[in-house]
Amino acid sequence: MQSRSVLPLTVLAAAIWAVSALSALMFGAAHIPATDAMGYLWAQLSGGTIAVSDVPDYRIVVDSRLPRVLLATVIGAGLAVVGLVVQAMVRNALADPYVLGISSGASVGATSVVLFGTFGALGIYALSSAAFLGALAATALVYLMARSPVGLVPLRLVLTGTALGYGFSAMTTVLIFLAPQGDGARSVMFWLLGSLAGATWASVPLAAAVTAAGVAATALTARRLNALSMGDEVSAALGLNATRLRLSLFVTSAAMTGCYVSICGAVGFVGLVVPHVARLLVGADHS
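If you're wondering where the values come from, they're calculated on a predicted model, not measured in any experiment.

Enquirer: When you look at the overall build of the chain in this model, what are you seeing that I'm missing?
Expert: Scanning the chain from N- to C-terminus turns up 12 helices and two strands. Tracing the chain from N to C terminus, the helices and strands come up as α-α-α-α-α-β-β-α-α-α-α-α-α-α. For 287 residues, the compact-globule estimate of 2.2 N^0.38 gives 19 Å, and the chain sits close to it at 21 Å. Each principal axis of the C-alpha distribution contributes one length, and for the chain these read about 65 × 60 × 25 Å. Buried residues in the chain amount to 39% of all 287 residues. Taking contacts inside the chain between residues at least 6 apart in sequence as the whole, the part at least 24 apart equals 74%. For the chain, the exposed area adds up to about 15000 Å²; of that, 70% sits on carbon and sulfur atoms. Here the chain contributes 13 positively and 9 negatively charged side chains, and the mean placements of these two sets differ by 13 Å.

So, in structure tokens, the structure goes:
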């Protein structure tokens, strides 16, 4: 599909995002009219003043709901990009950001914090830090077990990630059974399902920076992704080192996924479905 067809779709997508973002700011336990919500946003952006009676609603919009909207936007975009990269890297239409077992490794770290209080010295950063370290450990383990004399082979990478993902999930289950308090299992399940309920302004810049870097890196490799998705033989015929590219894509995808999982847990569906929807709308060219 030519570039002139992309612009109307981009405008339509931006309009849908704007409507959904405004709805997220309006609806919740406390309903806030659209005019009030936009007024609070304008006051936040322009440094304006609001009435004293409006302060509670202002805090709900600016401090609670707006970080969730922004975090959902940047993490959703990042997961979509990671899903696109992973599907091209392993040449599997059912691949998603979590097929490499990274989220399962992060779950082990997060579960140990929730149930046993590990990394307690880090305070409010204990959960995200443990989850990120678990994701890094899973990434290293997947790489060490999946590599072969010819590099990272797609089928072996998927099988290794899937197998280790089941192994880490089993470890999480064992930790839940060994928990000294039964209430901790509920907290673990909420985290495993993925949630933006704990979004804060502190987590938005990190997620935005990771997404921006990931999108930029993917855009630079778009043409090589086209060749990689057609197979290593075609890539070699075009002068592309598929092994080196796959390794760099693996590191980028793992770093982005680990960051997102440490912030909001394992949010599924987006990384699997959005790349396919994009292909239906604008074609299979990764550019």
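The rest of the description comes next.
Enquirer: Help me understand helix α11 (residues 242-264) in this model?
Expert: Residue pairs three or four apart in sequence face the same way in an α-helix, which turns once every 3.6 residues. Spanning 23 residues, α11 covers 32 Å between terminal C-alpha atoms, matching the ideal 33 Å at 1.5 Å per step. Capping the start of α11 is the job of one residue whose side-chain oxygen sits 3.3 Å from the backbone nitrogen of T243: N241. Positive backbone phi, at 80 degrees, marks G265, one or two positions downstream of α11.

Enquirer: I would appreciate a short explanation of the layout of surface pockets in the present structure.
Expert: Gaps between atoms show up when a probe of the same size as a water molecule is rolled over them. Taken as a whole, the largest pocket encloses approximately 1400 Å³ of empty space. Every residue lining the largest pocket is counted, 37 residues in all, and those nearest its centre are A13, A77, A80, V274 and A278. Those elements that provide at least two residues to the lining of the largest pocket are α1 (3-26), α3 (55-90), α8 (203-220) and α12 (270-282). For the lining of the largest pocket, a count of residues per class yields 25 nonpolar, 10 polar and two charged. Size it by volume and the second largest pocket reaches roughly 580 Å³. S128, G198, S203, S262 and I263 are, among the 23 residues lining the second largest pocket, the residues nearest its centre. Secondary-structure elements contributing two or more residues to the lining of the second largest pocket are α5 (126-146), α7 (183-193), α8 and α11. Ranked by residue count, the leading element in the lining of the second largest pocket is α11, at four residues.

Enquirer: Quick question: what am I supposed to make of unusual backbone geometry here?
Expert: Excluding glycine, most residues fall at negative phi; most peptide bonds, likewise, are trans. Unlike most non-glycine residues, R91 shows phi in positive territory, near 50 degrees. With respect to the helices and strands, the residue R91 is situated in the loop between α3 and α4 (102-116).

Enquirer: How should the pattern of salt bridges be read in this particular structure?
Expert: Side chains carrying opposite charge are able to pair once their charged atoms draw close together. In total, this model carries one salt bridge according to the counting rule given. One salt bridge in this structure joins R59 and D63, with 3.1 Å as the shortest N-O distance. Placement of both R59 and D63 in helix α3 is noted, with a separation of four residues, approximately one turn of the helix. Judged by its relative accessible area of 36%, D63 is partly exposed.

Enquirer: Mind showing me how you'd approach α5 here?
Expert: Compared with the 30 Å implied by 1.5 Å per residue over 21 residues, the 30 Å span of α5 between its first and last C-alpha is a close match. Regarding α5, the residues found buried are A126, A130, A131, G134, A135, A138, T139, V142 and A146. At its buried positions, α5 is contacted by α4, β1 (147-148), β2 (151-152), α6 (154-177), α7 and α11.

Conventions used here
- Residues numbered from 1 in each chain as written.
- Predicted model: local features only at pLDDT ≥ 70, side-chain atom pairs only at ≥ 80, totals over all residues.
- Heavy atoms only, no water.
- Helix = DSSP H or I, 4+ residues; strand = E, 2+ residues; numbered from the N terminus.
- Rg over C-alpha atoms; globule rule 2.2 N^0.38 Å.
- Buried < 20%, exposed > 50% of the residue type's maximum accessible area, 1.4 Å probe, protein only.
- Contact = heavy atoms within 4.5 Å.
- Areas by Shrake-Rupley, 256 points an atom, 1.4 Å probe, with all protein chains shown as cover.
- Lys, Arg positive; Asp, Glu negative; His and termini not counted.
- Charge placed at Lys NZ, Arg CZ, Asp CG, Glu CD.
- Expected span 1.5 Å × (residues − 1).
- Polar contact = N/O pair within 3.5 Å; in protein donor to acceptor, adjacent residues only side chain to side chain.
- 1 Å grid on protein atoms, 1.4 Å probe; cavity = no way out; pocket = protein on both sides within 12 Å on 5 of 7 lines; lining within 4 Å.
- Points joined across faces, edges and corners; volume = space filled by probe spheres on them.
- Nonpolar A, V, L, I, M, F, W, Y, C, P; charged D, E, K, R; others polar.
- Salt bridge = Lys/Arg side-chain N within 4 Å of Asp/Glu carboxyl O.

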